[in-house]
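Breakdown of the fold
If you want the building blocks of each chain, they are given just below.
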Amino acid sequence: MAIGKRPVSVSRAMSELGRELNTWRKLRQLTAHELADRAGIGVATVHRLEAGDGATLENLLRVARALGILDTLVAALDPYNSDVGRLRADEVLPQRVRGRRR
């Protein structure tokens, strides 16, 4: 699958995450430079994340760790905390998922 134009929903989520990271940074009373230093990344990367322009997953997780929200972020992605996950919690997950025949 070729990577094309970014879907609007993904752009919105990136912008929202950026605003939330910016709010967390301010709640912690940190400058972008201080956050970058604590996360072990460049200040430009912090600015890119906060602007919703993206960065690597590792850099997002480094920032979340520096802000003290890494565990919350990881817990938010737990599939068994969703309705679908709870409904299928007793099912045995397949080792592999194959594409559907056309």
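Residues numbered from 1 in each chain as written. Predicted model: local features only at pLDDT ≥ 70, side-chain atom pairs only at ≥ 80, totals over all residues. Heavy atoms only, no water.

It is worth spelling out the nonpolar core at this point. Judged by nonpolar contacts, the single largest core of 15 residues is most densely connected at L21, L35, I41, V46, V63 and L67. If you list the elements that add at least two residues to this core, you get α2 (32-39), α3 (43-51) and α4 (57-67). In this structure, V63 is in contact with L21, L35, A39, I41 and L49, ignoring residues within four places of it in sequence. (Core = buried A, V, L, I, M, F, W, Y, C linked by side-chain atoms within 4.5 Å. Buried < 20%, exposed > 50% of the residue type's maximum accessible area, 1.4 Å probe, protein only. Helix = DSSP H or I, 4+ residues; strand = E, 2+ residues; numbered from the N terminus. Contact = heavy atoms within 4.5 Å.)

Attention now goes to α3. Among the residues of α3, T45, V46, L49 and E50 are the ones counted as buried. Angularly, the buried residues of α3 cover 135° about the axis, an arc narrow enough to put them on a single face. Where α3 is buried, its residues touch α1 (8-27), α2 and α4. Phi turns positive one or two residues past the end of α3, at G52, with a value near 80°. (Arc of directions from axis to C-beta.)

So, on to the pattern of salt bridges. When their charged atoms lie close together, side chains carrying opposite charge are able to pair. Going through the model one piece at a time under the given rule, you end up with three salt bridges. Ionic pairing is found between E50 and R25, a salt bridge with its closest N-O pair at 2.6 Å. Taken together, the residues E50 in helix α3 and R25 in helix α1 connect sequence positions 25 residues apart. Taken as a pair, E50 and R25 share a single burial class, namely buried. Between R86 and D83 there is a salt bridge; the shortest N-O distance is 2.8 Å. Here R86 and its partner D83 are both found in helix α6 (residues 83-87), three residues apart, which amounts to about one turn of the helix. (Salt bridge = Lys/Arg side-chain N within 4 Å of Asp/Glu carboxyl O.)

A few words on the packing of α2 against α3. Packed helix pairs are specified by the crossing angle of their axes together with the interaxial distance, meaning the distance between the axes. Taken N-terminus to C-terminus, the directions of α2 and α3 make an angle of 110°; their axes are 8 Å apart at the nearest point. When the axis of α2 is compared with that of α3, the two are roughly perpendicular. Taking contact as the criterion, the partners of A32, H33, L35 and A36 in α2 are, on α3, V43, V46, H47 and E50. (Axes fitted to C-alpha atoms, helices over the stretch in contact; angles between N-to-C directions. Parallel < 35°, antiparallel > 145°, perpendicular 65-115°, else oblique.)

Moving on, we come to the side chain of T45. When you line up the elements, T45 lands in helix α3. Setting aside residues up to four positions removed in sequence, T45 forms contacts with A55 and N59.

On to the environment of V46. Residue position: V46 is located in helix α3. A relative accessible area of 2% means that V46 is categorised as buried. Taking the C-alpha atoms as reference points, V46 and V63, 17 residues apart in sequence, are found 7.8 Å from one another. The contact partners of V46, leaving out residues within four places of it in the chain, are A32, L35, A36 and I41.

These figures come from the coordinates and say nothing about function on their own.
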